[in-house]
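Summary of structural features
One-letter residues, chain by chain:
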Amino acid sequence: MCGIVGYIGDRPATEVCVAGLRRLEYRGYDSAGIAVAENGGLEIVKVVGKLDGLAEALAENPLSGTMGIGHTRWATHGKPSEVNSHPHTSMDGRIAVVHNGIIENYADLRDSLQEEGYEFASETDTEVIAHLVDKYYKGDLAAAFRRAVKDLEGAFALGIVCADDPDQMVAARRFSPLVVGIGDGENFIASDMGAVREWTDRVYVIDDDEMAVLTRHDIVLTDLDGNPIEHEPYQIPWPADAAEKGGHKHFMHKEIHEQPSAMRECLLGRLTDADSPIKLDGLNMTEDEIRGLRKIVFTACGTAYHAGLVGRFLMEKLARVPAECDLAAELRARDPVVLEDTLAIVVSQSGETADTLVALRELKDKGAKVVSVVNTVDSSIARESDGVVYIQAGPEIGVASTKAYTLQLLTLTMMATHFAAVRGTANEEDLRDLRASMLGVPEQTQELIDREDDIREVASKYYEAPDAFYLARGVNVPSALEGALKLKEISYIHAEGYSAGEMKHGPIALIEPNLFTVAIAVEGEVYEKMIGNIQEVKARSGPVVAVAMDGDAEITRQADDVLWIPECPELISPITAAIPLQLLAYHISDMLGREIDQPRNLAKTVTVE
Ligand code: G6P
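What you see is a predicted model; the values in this text were computed from it and never measured.

Scanning the protein from terminus to terminus reveals 19 helices and 24 strands. Taken against the 2.2 N^0.38 rule, which gives 25 Å for 609 residues, the C-alpha radius of gyration of the protein at 25 Å falls within 12% of a compact globule. Taking the principal axes of its C-alpha atoms as reference, the protein extends roughly 75 × 55 × 45 Å. Per-residue burial for the protein yields a buried fraction of 62% across its 609 residues. Taking the intrachain contacts of the protein between residues at least 6 apart in sequence as the baseline, contacts between residues at least 24 apart amount to 72%. Surface accessibility of the protein: about 22200 Å² in total, with carbon and sulfur atoms responsible for 45%. Each charge class in the protein can be summarised by its mean position, and for the 57 positive and 100 negative side chains these summaries are 3 Å apart.

See the structure below:
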């Protein structure tokens, strides 16, 4: 994982790099560091822990150099410590490197460099890059890097500076994301465009095996052999302040509140009224292709995987295509059978998750057509897909995904409804009802957010519990998994999501008064069965918080507390049920004083396998 930034211009590089790193802290926050060209050498400052520590250290010892690189780390090789923090340097301290990715052959490289007399200061894989560049350096940093890269196996986004050349910065990419920000008399590098948006709205999105040589007034793009390449600058579509907290205590809270407007954006131009067909630009599939589908394979990680599970359910139920959903990290192991006319639907907020990208390539190699459902425009997953349906959520900063999840669900519901209409596999009245309900989802979501005080009240009853179960059936089983994930990742309360039908096969043994159960019991095919499950929990003295639809009198007799959601078709309810579950997890965690936007051990974008 990790985030990298770099600046070359006429402002103090520390200011730009620290501000850029703040936008990248979602990629890891085990340590932070910076290297600045100053007084003919490189000044390096590193701290263990979050960026605030680095900012404090720099406030005590300000640096004025105008070229620098910075890093925020999520530890892969070597524990979080000052010595393992980036930037890593050559032995004489004149070459410094920041790296996101993993150098897979670092142990071999390290052995041979040690034989040549190189001494290593850290336990990291990255340090070999600094020594290799030093080994090949003959007065031209870019040439030394081009030679060094031939020895490297694995993944990298790199920023490299050399004290002997304070007017040049080298950046390169293989597998890990990298953009080059285009300024006026100044240029930038970063792991994503959000990190440079404060200063520029134009970037080059660097592809695998490409590099950039930046000076203050120029950017030269080449492949790793030095052959020139050209990229059209990409215009960042969101304003500079899109990634600010805007008065909210946490990004997660802001992002929960942004959902109604983000949903409207997502629907815009795609679903205009209940009687018109859904239009999904970017899907890149003809109606014949949709009709001819024989199988759909969903793949994703984390929260996006839960969205994929809902997508699988809807595609099978509505579009009548056999569908499966794999955790991206497991897909290759299964060596999935890809039939002719198989569609792969890859779901990812960042578009950069390493396992998901690897799974995408596997499915593509096997002959599947790949459509991705992605948030980050022009990300690796988006670019490698045959079609992309962007969820249009805007930047999501909180590590716990919220608005991206509900927009993934909304997008997948539109896709399934569209496929069903084209394939003629569902009743037209039902499809009309789904389209009308989707149009109403932004308003229903706003209503749910307006009920936040009631949810906070419920949170205050359960925030000290050590364990929780989340139960559901049918299309809402993924809602239970996602509700439990939200709670455990930000509150550290042990929480498990289950199909309620599985309760009797083991988990029910754990029920006791200290463990609370969140039961999603919305009107629909599985409602009666859920009531049965709630009674089983209650009979064993377990408190129950139900998620139920407005007007359900029965549920008030069964559950201790109810999180109400507006009435909607069962197939739409995963979207609206997600909102109170997000707010419940948020308020429980806030009451516990947790670091909600940056939970321990996590990173928002997992760019290592
Ligand atoms: C991390 C994040 C999750 C996210 C998952 C997949 O675990 O913390 O919020 O769901 O990665 O990320 P992606 O960007 O591919 O959706």
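Let's shift gears to helix α4 (residues 127–136). An α-helical turn contains 3.6 residues, so any two residues separated by three or four positions project in the same direction. Extensive coverage of α4 is indicated by the burial of 8 of its 10 residues. Turning to α4, its buried residues number three or more, namely E127, V128, I129, A130, H131, L132, V133 and Y136.

Strand order across the open sheet formed by 5 strands is β16-β15-β17-β18-β19, with parallel pairing between neighbours. In this open sheet, the two strands that pair with only one neighbour each are β16 (323–327) and β19 (387–390). For this sheet, the mean angle separating the axes of adjacent strands, direction not counted, is 20°. Alignment of strand β15 (residues 295–300) against β16, held across 5 bridges, turns out to be parallel. Residue pairing across strands places A300 opposite L327, the latter belonging to β16. Here helix α13 (residues 403–423) sits on the sheet and contacts β15, β17 (342–348), β18 (369–374) and β19; the angle it forms with β17, its principal contact strand, is near 160°.

Here we take up the site of the ligand. Contacts to the ligand come from 13 residues, most closely from T303, S348, Q349, S350 and T353. Between the ligand and S350, the relevant distance is 2.6 Å, taken from an oxygen atom to a side-chain nitrogen or oxygen of the residue. In this structure, T353 approaches the ligand through a side-chain N or O atom, which is 2.5 Å from an oxygen atom. Against a free-state accessible area of 390 Å², the protein chains account for coverage of 90% of the ligand. When each cavity is represented as a set of grid points, the ligand is found to reside in the second largest pocket. The leading source of residues in the shell around the ligand is helix α9 (residues 302–319), at 3 residues. Of the residues belonging to the shell around the ligand, the class tally is 5 nonpolar, 7 polar and 1 charged.

On to the layout of surface pockets, then. Roughly 700 Å³ of internal volume is contained in the largest pocket. Forming the walls of the largest pocket are 39 residues, and the residues nearest its centre are W238, N375, T376, G394 and P395. Here the lining of the largest pocket takes 3 residues from helix α7 (residues 259–267), the largest share from any one element. When residues are assigned to domains, the lining of the largest pocket turns out to be shared by domain 1 (3–243) and domain 2 (247–446), each giving three or more. Taken as a whole, the second largest pocket holds about 500 Å³ of empty space. Elements that contribute at least two residues to the lining of the second largest pocket include exactly α9, β17 and α16 (477–491). Looking at the lining of the second largest pocket element by element, the count peaks at 3 residues for α9. A class-by-class count of the residues in the lining of the second largest pocket yields 11 nonpolar, 11 polar and 2 charged.

I296, M315, I345, M415, F419 and Y470 are the most contacted members of the largest nonpolar core, which totals 93 residues. It is α13 that contributes the most residues to this core, 12 residues altogether. Split by domain, the residues of this core number at least three in each of domain 2 (247–446) and domain 3 (451–599). The residues touching Y470, leaving out its near neighbours within four places in the chain, are A480, G483, A484, L487, A495, E496, G497, Y498, V518, L581 and L584.

Taken as a whole, this structure holds 4 aromatic pairs when the rule is applied. Ring geometry for Y7 and F188: centres 5.4 Å apart, planes at 50°, overall tilted. Within this pair, whereas Y7 is found in strand β1 (residues 3–8), its partner F188 is found in strand β10 (residues 187–190), the two being separated by 181 residues in sequence. Each member of the pair, Y7 as well as F188, is classed as buried.

What counts, and at which threshold
- Residues numbered from 1 in each chain as written.
- Predicted model: local features only at pLDDT ≥ 70, side-chain atom pairs only at ≥ 80, totals over all residues.
- Heavy atoms only, no water.
- Helix = DSSP H or I, 4+ residues; strand = E, 2+ residues; numbered from the N terminus.
- Rg over C-alpha atoms; globule rule 2.2 N^0.38 Å.
- Buried < 20%, exposed > 50% of the residue type's maximum accessible area, 1.4 Å probe, protein only.
- Contact = heavy atoms within 4.5 Å.
- Areas by Shrake-Rupley, 256 points an atom, 1.4 Å probe, with all protein chains shown as cover.
- Lys, Arg positive; Asp, Glu negative; His and termini not counted.
- Charge placed at Lys NZ, Arg CZ, Asp CG, Glu CD.
- Pairing = 2+ DSSP bridges.
- Axes fitted to C-alpha atoms, helices over the stretch in contact; angles between N-to-C directions.
- Near = heavy atom within 4 Å.
- Polar contact = N/O pair within 3.5 Å; in protein donor to acceptor, adjacent residues only side chain to side chain.
- 1 Å grid on protein atoms, 1.4 Å probe; cavity = no way out; pocket = protein on both sides within 12 Å on 5 of 7 lines; lining within 4 Å.
- Sits in = over half its atoms within 2 Å of the grid points.
- Nonpolar A, V, L, I, M, F, W, Y, C, P; charged D, E, K, R; others polar.
- Points joined across faces, edges and corners; volume = space filled by probe spheres on them.
- Domains from an automatic or database assignment.
- Core = buried A, V, L, I, M, F, W, Y, C linked by side-chain atoms within 4.5 Å.
- Phe/Tyr/Trp six-rings, centres within 6.5 Å; stacked < 30°, edge-to-face > 60°.

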